[in-house]
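# Structural overview for review
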Amino acid sequence: MFGFGKVRFRGVNKEKITDEAHVEDFKAAEKIGRVSLGKLAFYYKDLGVKYCVPYDYIDRTFTRISECQPDDSPAYFYYRLILVHGEKEFANLIFNEEADVDKIHARLKEINPDIAYGYIPPADGKRRHFC
């Protein structure tokens, strides 16, 4: 009645995607950390919302490394998988292991060779970030 338990995704234009093809693709997708790599799309969950991104929408990916320096303890690092469309970063996914992010970059390159890898600074020199 209310649709509880039904798998729904948010698309790149904020549309709702509920078709059976994407649901089955998501269920059969390769899971790496918090993302799933299906045949139809790249799936991830962020702040309780499941997103569905077609591979041809992703123009570039890169890794941003963040360092946390707690008081009187050694520093630790976490790794952000950044997805870019046009000049806008549209996903910022945090991982504890760099190997997971590297594996995702490699799989994305296999799935869609047109996806570029690497950070390109903005033309105006101002770094855009989520925090």
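Above: the structure in question.
Residues numbered from 1 in each chain as written. Predicted model: local features only at pLDDT ≥ 70, side-chain atom pairs only at ≥ 80, totals over all residues. Heavy atoms only, no water.

All right, on to the nonpolar core then. V35, F42, L81, I104 and L108 are the most contacted members of the largest nonpolar core, which has 19 residues in total. Of all the secondary-structure elements, those providing two or more residues to this core are strand 4 (35-37), strand 5 (41-46), strand 8 (76-85), strand 9 (88-95) and helix 2 (98-111). If near-sequence neighbours (up to four positions away) are discounted, L81 is found in contact with F42, F62, A91, N92, L93, F95, V101, I104 and H105. Counting residues in each nonpolar core, the second largest holds eight residues, with V7, F9, I17 and A41 among its members. (Core = buried A, V, L, I, M, F, W, Y, C linked by side-chain atoms within 4.5 Å. Buried < 20%, exposed > 50% of the residue type's maximum accessible area, 1.4 Å probe, protein only. Helix = DSSP H or I, 4+ residues; strand = E, 2+ residues; numbered from the N terminus. Contact = heavy atoms within 4.5 Å.)

Time to look at the pairing of strand 9. When strand 8 meets strand 9, the two strands line up antiparallel, connected through seven bridges. Its bridge partner being in strand 9, I82 is matched across the sheet by N92. The hairpin turn running from strand 8 into strand 9, its antiparallel successor, is two residues long, and G86 in that turn takes a positive phi close to 65 degrees. (Pairing = 2+ DSSP bridges.)

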